[in-house]
Amino acid sequence: MKKLFGEQRRQFLLEKIKTSTQPLTGGELAALTSVSRQVIVGDMTLLKAKGEPIIATSQGYLYLADRATEEASRRIACHHQAEDTERELKLLVESGVTVKDVSIEHPVYGELTAGIHVSNIQEVEAFMKRVRETGASYLLELTDGTHLHTITAPDNATLEKAVQAMRDNGFLLEEIE
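Residues numbered from 1 in each chain as written. Predicted model: local features only at pLDDT ≥ 70, side-chain atom pairs only at ≥ 80, totals over all residues. Heavy atoms only, no water.

- Identification of the protein chain as Transcription repressor NadR from Planococcus wigleyi is taken from an unreviewed UniProt entry.

Take a look at the structure:
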């Protein structure tokens, strides 16, 4: 494909993300448009600034509109150390929920939130692999293990199952509706 410029490229990217059933990485989008990954990051920022519901996940970019269903959602407060992160995420997805994000309350910056967007074991393993490969720190390391997750599921019974599993494994602090 020939190199696309400016607004034409952003419209192409938007259409690709809207029609994709899987997250698309910055590298994949860069290859499609013959630009660098840094240009893609800038394009995504501009599209978000225009109100497009694009999110960056550890697996790539997602377009959120039209994906919304009648999902049940809940924020749960959790506590564990970094080495328990994989076990926690697997426990949640095995209970049938999607882990949308993680948040902490930072003493200087206030609430910091990062997207996780994992729904199955393979996505958890890909997320964990990326953390290991990059040497990235977990947000919970800034708060001695205390953090929040937004979890979603098809129904409240599935959410309750996940909350109980967190409680049974000693990860749940409290529930926030």
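1. Quick notes on the layout of surface pockets
Here is step 1: Quantified by volume, the largest pocket comes out at close to 650 Å³.
Here is step 2: Thr57, Ser58, Gly115, Phe127 and Arg130 are the residues nearest the centre of the largest pocket, which is lined by 30 residues in total.
Here is step 3: Breaking the lining of the largest pocket down by element, the ones donating at least two residues are α2 (26–33), α3 (37–49), β1 (54–57), β2 (60–63), α4 (85–94), β5 (110–118), α5 (121–134) and β6 (146–153).
Here is step 4: Of all the elements, α5 adds the most residues to the lining of the largest pocket, at four residues.
Here is step 5: Among the residues making up the lining of the largest pocket, the classes are represented as 14 nonpolar, 13 polar and three charged. (1 Å grid on protein atoms, 1.4 Å probe; cavity = no way out; pocket = protein on both sides within 12 Å on 5 of 7 lines; lining within 4 Å. Points joined across faces, edges and corners; volume = space filled by probe spheres on them. Helix = DSSP H or I, 4+ residues; strand = E, 2+ residues; numbered from the N terminus. Nonpolar A, V, L, I, M, F, W, Y, C, P; charged D, E, K, R; others polar.)

2. Re the UniProt feature "domain: Helix-turn-helix type" (unreviewed entry) in the protein chain
Here is step 1: Here the UniProt-annotated "domain: Helix-turn-helix type" (unreviewed entry) positions come out as residues 9–61.
Here is step 2: A distance of 15 Å separates the end C-alpha atoms of residues 9–61, which is 60% helix and 11% strand. (UniProt positions renumbered as here; feature names shortened; annotations may be inferred.)

3. Focus: the nonpolar core
Here is step 1: In terms of nonpolar packing, the biggest core is built from 28 residues, with Ile76, Leu89, Leu92, Val118, Ile151 and Met166 touching the most fellow members.
Here is step 2: Looking at which element gives the most residues to this core, the answer is helix α6 (residues 156–168), with five residues.
Here is step 3: Ile17, Leu24, Leu29 and Ile40 belong to the second largest nonpolar core, which has 13 residues in total. (Core = buried A, V, L, I, M, F, W, Y, C linked by side-chain atoms within 4.5 Å. Buried < 20%, exposed > 50% of the residue type's maximum accessible area, 1.4 Å probe, protein only.)

4. A few points about the pattern of salt bridges
Here is step 1: Throughout the structure, instances matching the rule amount to 11 salt bridges.
Here is step 2: A salt bridge links Asp43 to Arg10, with the shortest nitrogen-to-oxygen separation between them at 3.0 Å. Taken together, the positions of Asp43 in helix α3 and Arg10 in helix α1 (residues 6–19) put the pair 33 residues apart, joining distant regions of the chain.
Here is step 3: On the basis of relative accessible area, Asp43 is assigned to the buried category, the value being 2%.
Here is step 4: Arg132 is the salt-bridge partner of Glu86, the closest N and O atoms lying 3.7 Å from each other. (Salt bridge = Lys/Arg side-chain N within 4 Å of Asp/Glu carboxyl O.)

5. Overview of the side chain of Ser103
Here is step 1: Within the element layout of this structure, Ser103 appears in strand β4 (residues 98–106).
Here is step 2: Taking relative accessible area as the criterion, Ser103 reaches 1% and is therefore assigned buried.
Here is step 3: In this view, Ser103 contacts Arg75, Glu111, Leu112, Thr113, His147 and Leu148; residues no more than four positions away in its chain are not counted. (Contact = heavy atoms within 4.5 Å.)

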